[in-house]
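# Structural features, examined
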Amino acid sequence: MELMNFIINSIFRNPPVLLGLIAALGLALQKKPFGTIVKGALMTAFGMVILNTGVSMLVQSILPINTAFQSLNGTVAEGLNDATFTASFGGDIGMAMFIGMILHLLIARFTPVKTIFLTGHMLWWFPFIFVAAGVEGGLRGMPLILFGAICSALYWSLMPWALKKYTFAVTQDNSFLLGHPTGYLGLISGFVASKVGNKEKSTEDIQIPKALSFFREISITGCLVIFVMFVIVGLTIPTMLAEGENVVVVAIAQGLNYGAGLILLLQGVRMLISQIVPAFKGISEKVVPNAIPAYDCPMLFTYKPNAVLIGFVVAMITSTVLILICNATQVFGIMLVPLVITSFFECGTAAILGEGQGGLRGAVIGTFVAAAVMVVMVGFSALAYSHTIANWMLINAGNDFSLFGMLAKAVASLLSGIF
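Read on for an overview of the structure. Keep in mind that what you see is a predicted model, and the values were worked out from it rather than measured.

This next bit is on empty space enclosed by the protein. Evaluated as defined, the whole model comprises one cavity of 30 Å³ or more. When its volume is computed, the largest cavity comes out at roughly 90 Å³. In terms of lining, the largest cavity is formed by 13 residues, of which the most central are Leu 19, Met 48, Leu 118, Thr 119 and Asp 296. At the level of secondary structure, the elements contributing two or more residues to the lining of the largest cavity comprise α2 (15-29), α3 (34-71) and α10 (247-286).

Strand order in the open sheet formed by three strands is β1-β3-β2, and the pairing between neighbours is parallel. Edge strands, defined here as strands with exactly one partner in the open sheet, are β1 (115-117) and β2 (177-178). As paired strands, β2 and strand β3 (residues 292-295) are joined by two bridges and run parallel to one another. Its bridge partner being in β3, Leu 178 is matched across the sheet by Tyr 295.

On the surface, Met 142, Leu 146, Ile 150, Leu 154 and Leu 158 cluster together to form a nonpolar patch covering roughly 430 Å² of accessible area. Here Leu 154 lies in helix α6 (residues 141-162). Of the residues examined, Leu 154 reaches a relative accessible area of 41% and is grouped as partly exposed.

Conventions we followed
- Residues numbered from 1 in each chain as written.
- Predicted model: local features only at pLDDT ≥ 70, side-chain atom pairs only at ≥ 80, totals over all residues.
- Heavy atoms only, no water.
- 1 Å grid on protein atoms, 1.4 Å probe; cavity = no way out; pocket = protein on both sides within 12 Å on 5 of 7 lines; lining within 4 Å.
- Points joined across faces, edges and corners; volume = space filled by probe spheres on them.
- Helix = DSSP H or I, 4+ residues; strand = E, 2+ residues; numbered from the N terminus.
- Pairing = 2+ DSSP bridges.
- Patch = residues over 30% accessible without salt bridge, like charges linked within 9 Å, V, L, I, M, F, W, Y side chains within 5 Å.
- Areas by Shrake-Rupley, 256 points an atom, 1.4 Å probe, with all protein chains shown as cover.
- Salt bridge = Lys/Arg side-chain N within 4 Å of Asp/Glu carboxyl O.
- Buried < 20%, exposed > 50% of the residue type's maximum accessible area, 1.4 Å probe, protein only.

Structure representation (structure tokens):
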């Protein structure tokens, strides 16, 4: 048990170590010199550390806005979050993760679905939501663990594969897949964009006057977007600011942090692509023939950077308006909060996939539809997880956690009558 906990916590839940070891394995299988193996492993790990640092800066820049809206919620249920649930079912989640990874590799080795899911933290969060779904459905013990493992393995294998058409349209090759809970939102955006979009006009071809050419730099544009958002939210919800803080000064600081975070994130992505993709060739040739790795969503950001910000803005406006309407009409009987983080990562990625199918128009309309569905999903999924992780779902869901979590709960409810 101690060995398994070490593997889970120190490797699977540690993306730089996990991808560094995978790079080393891939290079070793290609019989590269020892120095090349060490360099490839470390450069891959460095790239992941830089990427994670950038992501952390982005999240920390966005989080105060999310927290400010949550403060309007009034009463928040206690004991329905990730920490308290993990305290009770952490062992089940860990076992489901471990068994699920074995099943996932067997699927890649012996079926036509050749996905290898390599988004480290998502190797934890999907067993987390599937075990919670099992608990909601009435499963306990080994049936619960196996249920979480099988659901996780199927998701890790099938969802990146289902997205491959849209992912390859963006990257223009088949070097990697998307391993991120933006899945169904990406499918919606891509499908809608393919019907209403226009590939002739790309988000990356937006004409900008020479005097405003600095807007073509995503870090500067992102900085300005966050600055404006902080000013608006700070003036609307004064509790976002600590006593004595000036809204403009705080907005400038958060905008700068966000822009710097984008620079770090994109640099980490470039390092990862340059190292891990060639290294993975060894695993693809020797261990799982024709396997394609599935990576975190920032791997796509360098391909269509303007689409990321367009998707973020469209999703924030759309989802916030709908959430205000839902709260005013008490549609779900619970208070929803704006999904700032999901709007950036999931809907920003959905906008990229929509752009690949329908250019600028496809990115905007596809993201608009996806964001509307996202709000509906987060409301229903918070109700579905009312006895386990409802508050966690309110903040982090609206994505595949919601859709597949609810489906898993329905299946678990049927199985609990058997087991």
